[in-house]
Amino acid sequence: MGHTTIPVESLVKVVPFISAFQVNFTNDNTVFCFNGFYNPGTKGDCLVAPKAEDGQMAIYGRSDGIQMVVNIFVPTITNSMNCSVLLNLGSTVSILHSLQIFLYLVNFGPQAVLMLQSPESPVVSVRVFVIVTLLFLAQTFLYFSGLPYKVGSVVSSDPKTCQSLTCSTADVLTHSACGPLDRCGRNGICSFDTICTVTGPAVIDIQGHKNSVEDRCAYSLLSIPSVPNFLVLANFQERRRKDVSFLDSVTLQVAGSGVQIHLIQGGRVLLNNSSMVLSSSVQLVNGVELSKDNTGVTAKVSLSNFTTSVFFDGYTAQIRVQGPSGSSLQGLCGNSSRPLSGLRLSEHSSTSCETQYSDTSDSTINCTMVTERCNLLKKAPFSSCNIDPEPYIKACSDTLCRYPAVDGLPCQFLEAYTRACSLMSNTTLEGWRTVAECSSPDAFCQDQTCIDNEFCGETSGGETRCFCRSIFASPYREISALGTPTVCSQNSASLTLIGCLLAEKGFDYSALHLRDPTCTGQVDEKTHMVTFSFNSNSCGTQVMTNSTEIIYKNTIMAQNSSSDIITRQDQVHIDFSCIQTQPDLKTVAFRIRDSSVVQVITSGPWTYTLTMKAYTDASRTQAVDPSTEVQLNQKIWVELATDGLDANVVSLVTESCWATNQASPDGGLRYDLILNSCPNVADQTVTMQGNGQGTSNYFSFNMFQFSGSSGEIYLHCKLQLCVKQESSCIPVCSGARGRRSIRSRYEAAFISMAWTT
């Protein structure tokens, strides 16, 4: 058996990778092979013809005639002809007849045709062409490796790689493999399997594209077109700087159940705003598998042939989606290159979330050094991972060139890449923590609870605590305030301090108190606000007055503070006070037949009532009413009382009372009953009780009538308020008309009563 080899390179592309054409001459046949020499046992990828006594071979270029003939007989050939190889075989059939066979191998790029030409009869001069395709024999079978295959059948497949060759209806061998987002399963079937990483402000989508969120809004991370009402969304917030946002929380909305599962910093999980307690054991909640370990929280849900797993460690979220081959995703994870405005979720965002802020540049940031650190992902052991590190490197450098390398950020992006490698390529990057000088995989700030206006960060000493968000704290920092303005009421005050601002100054709220050490702040666990409250006679409150105001003052101080001047950093001394305006002078006149006179007085924050009422008995139980007949020289008791004033702060002092025969306090005849806060010594029937001791007092006198006058008598009283803490408010009555021994009295009211004599 002889053979020869004819290089044809790309002339005949029957099967990919054919680089030579072998011709074998045996005792019985002439054989043309495409992938090795002919072996009668294994056959091979060959054309077997009768034994030829002679033969010729020629190579031709493009031929319009052959192209036309092929297109007529084999319409499934759609490509243009490149070249052809002619094989001419001759053999003697009889003494009178020799047989000539012409084989044309015609190349059409990804398709090829075998054309056989032989005279049907020696007396017929017209040649009849029998045309078949090499890849689509008689338009029914495909020849591959010497065997025929039906159209649509799989010629070759590798279950380990899910790669296959198929005989297509277009007469070509089509090569198929798993798509870029698919993985080959153990059963040799491709399935959709991909990952999305959100870390810091960066979103690395399933295509490996990186984008950044610059505001503090909520965004759709993931939705699946074939799974209605399922959504994974992310909230972004600022931290130490106003112009850089970070992933703050992740929420899963599950179809049909109305369930929202919030994954929050610190390893906290809320089910429709109710806190959950999780462990490493899987807990099933409305079809969602929840678990928690030292690295973070995982939520896993299976819906409509898709399995979605969300991992969140408080700073990085990684979402893995598995489903049918060829699936697509929507949201930032599906395509982060989309305009962010179309994926923003206003119903989950604050109205001001899109507002852009600027901040002063940080001179301590060395962009060259942080970029060099981020480029560690290009080196061993990271280089053993087959996931493209470039989007992670860019996310790392873009963030750390604008934001200080604190709160675990130098390792956060490396950790995210390492976890992606572990999930998607089963690659364990041994020793990377040593190379990158990163600590254990424990989640940063695990089990640390911060409120909405705070985030968990690391102090310069390496401890973790809640820090104020920059935008929230900015107005307070600008005026060096630690809390909200003092809230004042009539006789009390409160001051609320912000917990994270106190911590920022190094103050422990539990060590703070008012002037009275027993008066400490009350902490609201939901807001981390610390409120200090006092009233006028408690917690060491100081009460001061001037001509128009009453001032309540107290001080927040630390347990070790003894001076009004701060001399050490660990001391705090915060004065706060309330200023109340003295009540305005009010005048009113009523007739005694109306039983009593009541005046409601409002002045600044003060609102109180002043009552003048007459009685016929010393115990003041028998009030004078319109039907009461008061006899001449009958003793009458008149009570002056207030309601709404703090008796611990002020006292009511009756300065003077007098009677007139006209409604005007200054008109007509006048008779004095009380002078200089004391009874008129000229009238021995006048007595005074409780004057200056509280918020009410009373006096008595015998009923009289102006000489030569009949009709109505008007009783007028002038009253004062006295601040107790500054001086004694009780008048000392002695001498001819009494004398004033009190200070800090302030005119409060002028009241009159009238009755018919």
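Keep in mind that what you see is a predicted model, and the values were worked out from it rather than measured.

Calculation notes
- Here, residues in each chain are numbered from 1, in the same order as that chain's written sequence.
- The model is predicted, so local features are restricted to residues of pLDDT at least 70 and side-chain atom pairs to those at 80 or more, both for listing and for counting; the totals for chains, interfaces and linings are taken over all residues.
- Excluded from the side-chain calculation are hydrogens and water; included are all heavy atoms of the structure.
- When two rings of Phe, Tyr or Trp (its six-membered ring) have centres within 6.5 Å they constitute a pair, described as stacked for plane angles under 30 degrees, edge-to-face for angles over 60, and tilted for the intermediate range.
- A run of DSSP states H or I qualifies as a helix once it reaches four residues; a run of E qualifies as a strand once it reaches two. Both are numbered from the N-terminal end.
- Burial here depends on accessible area, computed with a 1.4 Å probe over protein chains only, as a share of the maximum for the residue type. Under 20% is buried, over 50% is exposed, and the range in between is partly exposed.
- A ring is scored as having a charge over it whenever the NZ atom of a lysine or the CZ atom of an arginine sits within 6 Å of its centre and within 35 degrees of its normal.
- Two strands qualify as a pair provided DSSP detects at least 2 bridges between them.
- Between the N-to-C directions of two axes lies an angle of 0 to 180 degrees, each axis being a line fitted to C-alpha atoms and, for a helix, fitted only over the stretch in contact.
- As used here, the term nonpolar core means buried Ala, Val, Leu, Ile, Met, Phe, Trp, Tyr and Cys residues forming a set that is joined through side-chain atoms within 4.5 Å.
- For this analysis, residues touch if any pair of their heavy atoms sits within 4.5 Å.
- Whenever a pair of cysteine sulfur atoms sits within 2.5 Å, that pair is classed as a disulfide.
- Should an angle fall under 35 degrees it is called roughly parallel, over 145 degrees roughly antiparallel, and 65 to 115 degrees roughly perpendicular, with every other angle called oblique.
- Definitions for this section: a left-handed crossing has its near helix turned counterclockwise from the far helix by less than a right angle. A right-handed crossing has that turn clockwise.
- Gly is placed with the polar residues, together with every amino acid not listed as nonpolar (Ala, Val, Leu, Ile, Met, Phe, Trp, Tyr, Cys and Pro) or charged (Asp, Glu, Lys and Arg).
- What counts as a salt bridge is simple: a side-chain nitrogen of Lys or Arg found within 4 Å of a carboxyl oxygen of Asp or Glu.
- Nonpolar side chains (Val, Leu, Ile, Met, Phe, Trp, Tyr) are joined into patches within 5 Å and like charges within 9 Å, using only residues with over 30% relative accessible area and no salt bridge.
- Areas reported here follow the Shrake-Rupley algorithm with a probe of radius 1.4 Å; residue values treat only the protein chains shown as occluding.
- Here a cavity is any set of points on a 1 Å grid over the protein atoms alone where a 1.4 Å probe fits but cannot get out, and a pocket is any open set with protein on both sides within 12 Å along at least 5 of 7 lines; a residue lines the site when it has an atom within 4 Å of a point.
- Grid points are joined across faces, edges and corners, and a volume is the space filled by probe spheres set on the points.

Asker: Outline the packing of aromatic side chains, listing residues and values.
Answerer: Across all of its chains, the model carries 12 aromatic pairs by this definition. Plain terms: the ring middles of F246 and Y403 are 4.7 Å apart, the flat faces sit at 65° to each other, and that makes the pair edge-to-face. Here Y403 lies in the loop between α3 (390-400) and α4 (409-425) and F246 lies in strand β21 (residues 245-254), a separation of 157 residues in the sequence. For F246, a relative accessible area of 1% corresponds to the buried category. With relative accessibility at 0%, the residue Y403 sits in the buried group. Ring centres 5.5 Å apart and planes at 70° place the aromatic pair Y315 and F444 in the edge-to-face group. Of the two residues, Y315 is situated in the loop between β28 (306-312) and β29 (316-324) and F444 in the loop between α5 (432-436) and β30 (454-458); the sequence distance between them amounts to 129 residues. Within the aromatic cluster, the residues linked to one another by ring pairs are F382, Y392, Y417 and W432. Above the ring of F467, the side-chain terminus of R240 is found at 4.4 Å from the ring centroid.

Asker: Mind laying out the sheet that holds β21, listing which residues take part and the relevant values?
Answerer: If you walk across this open sheet you meet the 6 strands as β19-β20-β21-β22-β23-β24, and the pairing is antiparallel. Lying at the two open borders of the sheet, with one neighbouring strand each, are β19 (218-224) and β24 (274-276). On average, each strand axis in the sheet is tilted by 25° relative to the strand beside it, whichever way the strands run. Pairing analysis gives 3 bridges linking strand β23 (residues 268-271) to β24, with the strands arranged antiparallel. From the neighbouring strand, L270 faces β24, where its bridge partner is S275.

Asker: Before we move on, could you go through the nonpolar core and cite the residues and values that matter?
Answerer: Grouped together as the largest cluster of nonpolar side chains are 66 residues, with contacts concentrated most on I556, L640, F699 and F701. Here this core gets 6 residues from one element, more than from any other, and that element is strand β49 (residues 712-723). L640 has contacts with T611, M612, L652, T654, C657, S696, N697, F699, C717, L719 and I751, leaving out every residue within four places of it along the chain. By size, the runner-up hydrophobic cluster in this structure holds 45 residues, among which are V203, F306, V321 and C353.

Asker: Please set out unusual backbone geometry residue by residue, giving values where relevant.
Answerer: Along the chain, A380 connects to P381 via a cis peptide bond; the corresponding omega equals 5°. Turning to its location among the elements, P381 is positioned in the loop between α2 (367-374) and α3. In this structure, N229 is a non-glycine residue whose phi angle is positive, near 60°. Take N229: it is sitting in strand β20 (residues 227-238).

Asker: Go over the state of the cysteines with me, naming the residues and quoting the values.
Answerer: Under the criterion given, the structure shown has 16 disulfides. Paired through a disulfide, C217 and C353 show a sulfur-sulfur distance of 1.9 Å. The chirality of the disulfide connecting C217 with C353 is right-handed, given an S-S dihedral of about 90°. Pair noted here: C217 is in the loop between β18 (210-212) and β19 and C353 is in the loop between β29 and α2, with a separation of 136 residues, a long-range link.

Asker: Describe in detail the pairing of strand β22 (residues 259-264), supporting the description with residues and values.
Answerer: Across the 6 residues that make up β22, a large majority, 5, are buried. Counting the residues in the hairpin turn of β22 and β23 gives 3 residues, including G266, whose phi is positive at 90°.

Asker: I'd love a proper account of the packing of α2 against α3, names of residues and values included.
Answerer: At a minimum axis separation of 9 Å, α2 and α3 run at an interaxial angle of 160°. Judged by the angle between their axes, α2 and α3 are roughly antiparallel. Remark: the crossing between α2 and α3 carries right-handed chirality. In this structure, α2 uses V370, T371 and C374 to contact α3, whose residues at the interface are I393, C396, S397 and L400. In terms of residue class, the contact of α2 with α3 is built from 5 nonpolar, 2 polar and no charged.

Asker: Any chance you could break down the pattern of salt bridges for me, citing the residues and the numbers?
Answerer: Within this structure, the stated rule accounts for 17 salt bridges. Residue D398 is joined to K210 by a salt bridge in which the shortest nitrogen-to-oxygen separation is 2.7 Å. Here the residue D398 occupies a position in helix α3, and K210 occupies one in strand β18, the gap between them amounting to 188 residues. Residue classification places K210 among the partly exposed positions, given a relative accessible area of 23%. As a salt-bridge pair, R344 and D215 come within 3.3 Å of each other at their nearest N and O atoms. Placement of the pair is R344 in the loop between β29 and α2 and D215 in the loop between β18 and β19, with a sequence separation of 129 residues. The network of salt bridges with common partners includes R183, D193 and R320.

Asker: Quick rundown of a nonpolar patch on the surface? Include the residues and the values.
Answerer: On the surface, a nonpolar cluster with roughly 330 Å² of combined accessible area is contributed by M68, I72 and F73. By the secondary structure assignment, I72 is in helix α1 (residues 64-73). With relative accessibility at 59%, the residue I72 sits in the exposed group.

Asker: Tell me about the layout of surface pockets, and please be specific about residues and values.
Answerer: Of the voids in this model, the largest pocket is the one considered here, and its volume is about 1100 Å³. What lines the largest pocket is a set of 36 residues, and nearest its centre among them are Q237, D248, I451, D452 and N453. Breaking the lining of the largest pocket down by element, the ones donating at least two residues are β20, β21, β22, β23 and α6 (470-478). At 5 residues, β20 tops the list of elements feeding residues into the lining of the largest pocket. When its residues are assigned to classes, the lining of the largest pocket shows 12 nonpolar, 15 polar and 9 charged. When its volume is computed, the second largest pocket comes out at roughly 570 Å³. Those elements that place two or more of their residues in the lining of the second largest pocket are β29 and α4. If one sorts the elements of the lining of the second largest pocket by residue count, α4 sits on top with 9 residues.

Taken by themselves, the reported measurements are silent on function.
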